[in-house]
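# Geometric and topological summary
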Amino acid sequence: METLKEKEAALQKSYMREVRMLVEDAEKRRGKKLTYHVTTFGCQMNAHDSEKLKGMLDEMGYSEIESENADFVIYNTCTVRENANLKVYGRLGRLHSYKKKNPDMIIGLCGCMMEEKDVVEKIKSSYKFVDIIFGTHNLFQFAQLTLRRLQENKMVIGFEADDNSKIIEDLPSRRKYSFKSGVNIMYGCNNFCSYCIVPYVRGREYSREAEDILSEIKALADDGVKEIMLLGQNVNSYGKTLAKPVSFAELLRKTEEIEGIERIRFMTSHPKDLSDELIDVMAESKKICKHLHLPVQSGSSELLKKMNRHYTKESYLELAEKIQKRIPDIALTTDIIVGFPGETDEDFEDTMDVVRKVRYDSAFTFIYSKRTGTPAAGWESVPEDVVKERFDRLLNEVQSIASEKAMAYEGKTLDVLVEGINEHDSSLVTGRLSNNSTVHFAGDESLIGKIVPVYLKECKGFYYLGERK
Ligand code: SAH
Ligand code: SF4
Ligand code: F3S
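These lines cover the structure that appears in this document, whether it is placed above or below. Because the structure is predicted, anything quoted here is derived from the model rather than measured.

Cut-off values and rules
- Residues numbered from 1 in each chain as written.
- Chains lettered and ligands numbered in written order.
- Predicted model: local features only at pLDDT ≥ 70, side-chain atom pairs only at ≥ 80, totals over all residues.
- Heavy atoms only, no water.
- Helix = DSSP H or I, 4+ residues; strand = E, 2+ residues; numbered from the N terminus.
- Rg over C-alpha atoms; globule rule 2.2 N^0.38 Å.
- Buried < 20%, exposed > 50% of the residue type's maximum accessible area, 1.4 Å probe, protein only.
- Contact = heavy atoms within 4.5 Å.
- Expected span 1.5 Å × (residues − 1).
- Pairing = 2+ DSSP bridges.
- Axes fitted to C-alpha atoms, helices over the stretch in contact; angles between N-to-C directions.
- Near = heavy atom within 4 Å.
- Polar contact = N/O pair within 3.5 Å; in protein donor to acceptor, adjacent residues only side chain to side chain.
- Areas by Shrake-Rupley, 256 points an atom, 1.4 Å probe, with all protein chains shown as cover.
- Nonpolar A, V, L, I, M, F, W, Y, C, P; charged D, E, K, R; others polar.
- Core = buried A, V, L, I, M, F, W, Y, C linked by side-chain atoms within 4.5 Å.
- Phe/Tyr/Trp six-rings, centres within 6.5 Å; stacked < 30°, edge-to-face > 60°.

It is worth spelling out the overall build of the chain at this point. In terms of helices and strands, the chain carries 13 helices and 19 strands. The globule rule puts the C-alpha radius of gyration for 469 residues at 23 Å, and the 23 Å found for the chain is close to it. Principal-axis analysis of the C-alpha atoms gives the chain an extent of 65 × 55 × 50 Å. Of all 469 residues assigned to the chain, the portion counted as buried reaches 54%.

Bringing the side chain of T255 into the picture now. Looking at where T255 falls in the secondary structure, it is placed in helix α8 (residues 248-256). If near-sequence neighbours (up to four positions away) are discounted, T255 is found in contact with L214, I217, I228, L230 and I264.

Moving on, we get to helix α13 (residues 384-407). Helix length check: α13, at 24 residues, gives a terminal C-alpha distance of 34 Å against a target of 34 Å (1.5 Å per residue), a fit within 8%. Taken together, the buried positions of α13 are V387, R390, F391, L394, V398, I401, A402, K405 and A406.

Glancing now at the sheet that holds strand β16 (residues 428-432). Spatially, β15-β16-β17-β19-β18 is the arrangement adopted by the 5 strands of the closed barrel, whose pairing is mixed. Direction aside, the axes of adjacent strands within the sheet are offset by 55 degrees on average. Looking at chain direction, β16 and strand β17 (residues 438-442) are connected through 5 bridges and run antiparallel. Residue G431 lies in a different strand from β17, and its bridge partner there is V439.

Neighbouring ligand 1 are 15 residues, the closest being R81, Q233, Q297, D335 and S369. Within the side chain of R81, one N or O atom sits 2.9 Å away from an oxygen atom of ligand 1. The side chain of Q233 places a nitrogen or oxygen atom 2.8 Å from a nitrogen atom of ligand 1. Relative to its unbound accessible surface of 540 Å², ligand 1 loses 90% to contact with the protein. Counting only elements with at least two residues in the shell around ligand 1, the list comes to β13 (331-338) and β14 (362-367). Residues that form the shell around ligand 1 fall into these classes: 7 nonpolar, 4 polar and 4 charged.

Below, the discussion takes up the nonpolar core. Considering soluble globular proteins, one finds that nonpolar side chains tend to be buried as a cluster. The biggest cluster of nonpolar side chains holds 69 residues, and the ones touching the most others in it are L230, Y238, F248, F266 and I323. Here this core gets 6 residues from one element, more than from any other, and that element is helix α7 (residues 210-222). Contacts of F248, omitting those with residues within four sequence positions, involve I185, L230, V235, N236, Y238, F266 and L278. Listed in part, the 27 residues of the second largest apolar core include V23, L53, M56 and C110.

Right, let's get into the sheet that holds strand β2 (residues 63-64). Here 6 strands make up an open sheet; going across it, the order is β2-β1-β3-β4-β5-β6 and the pairing parallel. At either end of the open sheet lies a strand with only one pairing partner, and these are β2 and β6 (156-157). Where strand β3 (residues 72-77) and strand β4 (residues 106-111) come together, 6 bridges link them in parallel fashion. The residue of β4 that forms the bridge with Y75 is L109. Contacts between helix α2 (residues 44-59) and the sheet are confined to β1 (35-40), β2, β3 and β4, with β1 contributing the most and set at about 170 degrees to the helix. Packing against the sheet, helix α3 (residues 82-101) makes contact with β1, β3 and β4, and its axis sits at approximately 175 degrees to β3.

Right, let's talk about the packing of aromatic side chains for a bit. Within a pair of aromatic rings, the relevant descriptors are the distance that separates the centres and the angle that separates the planes. Tallying each qualifying case throughout the model produces 14 aromatic pairs. Taken together, a centroid distance of 5.5 Å and an interplanar angle of 25 degrees make the contact between Y89 and Y127 stacked. Linking Y89 in helix α3 with Y127 in the loop between α4 (117-126) and β5 (132-133), this pair joins segments that are 38 residues apart in sequence. Take Y127: its relative accessible area is 17%, and that puts it in the buried class. Both rings, one in F340 and one in Y368, keep their centres 5.6 Å apart while their planes meet at 75 degrees; by these two values the pair is edge-to-face. One end of the pair, F340, is in the loop between β13 and α12 (345-358); the other, Y368, is in the loop between β14 and α13, and 28 residues separate them in sequence. Joined through ring pairs, the aromatic side chains of Y62, F72, F134 and F142 make up one cluster.

The structure is reproduced here in structure tokens:
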């Protein structure tokens, strides 16, 4: 029997065929190929959603080009910090100038920013040249909205989907790399960290069925994929709400069994839910990469409480130590927010202390950004100059520890998955170690997608120059 999801997927595919016919007509009329470009802002989730958008655009008959001066341009937006929003508004002006020269151009905005009502209102009133708007929950309606836009010739906006069609399993997707791919294991977030907009724009946490995930990974492996990245805002709470609960560690064990997959990564691990079972699975695995991204956000127990993170400085340090003992060659990386409301000098010193104790292999450092609608938005902010000074100090510390840690691998020979030709020097290829560090070494296109041993001849701080062994 056809399920609701299958029905919805079939319906969306029929819209893709209808658009394709219109695109083919337009190509004949205009005597040229219709082109598209998708620009992604934000995290791995968005990058993965963009691959789905591209798959659907291919299916609808458009051809991808490098430039944003295309017949169909989509901005897949992020709203996690204010800067992310400003970037989008800034770049819309340029798209408008392209559209003035190409009136048939379609401009689509989607992603997290479009889940915010006031953003959509602002675009409706001040950016009338935008053609299609839809949020993360309406991604699967993309073809339907495109068809409506082509038929009605006015701005179309995504509409509420009923719950059953929320996760469409069977839509086309186009991978950026032939040999690696993201795989969604869950959507949304239930954690409501007090500074974070994600739970409001991505909705409630929702795990995919393990069988669906595993069969997607099998299909990817059959298609030549060697490395997968399991994606979710808090992968450690995967599977808890499924009818037949499955833990994240169990999912990893089953993923490990899939032939052809050689490297497994995942993002993001919330420290509060990281189980001993997961540490065991990672320690015993031959495929799970020696890298764990474990966002700390702050080193101050008091601030962590205000952030609603459900761990303390001490429990985080204990956890990090336990992981490092059990998996000595693991690379730990993190996210840190500086200038969260109420952050005192003492709180900040706690953050510096955690950085020095854990010795992260790398860290993303962010200046706190007020997100309207989150609890912290109403709390008193830290003066800008104080934040700036702390941020610079933190960045210095993070960078000097990271380069010391990287130096320790100099002279070793480790496996590298080759990702592509070096952007600056075409006699080199660029790839990644299991711990996610970048390596450049002499090689050619034939190596792309292969895992090869490389001697790490020289550490350049954030990357290595190597030689193939
Ligand atoms: N789910 C992940 C984080 C996703 S958002 C987790 O819990 O770790 C990525 C990072 O953006 C966060 O880890 C946090 O460091 C940062 N971030 C989120 N909201 C922010 C805000 N309002 N201001 C500054 N940084 C923020
Ligand atoms: Fe945001 Fe916290 Fe959810 Fe991460 S866990 S997405 S920081 S609310
Ligand atoms: Fe940004 Fe949305 Fe990811 S807000 S960080 S793109 S989940």
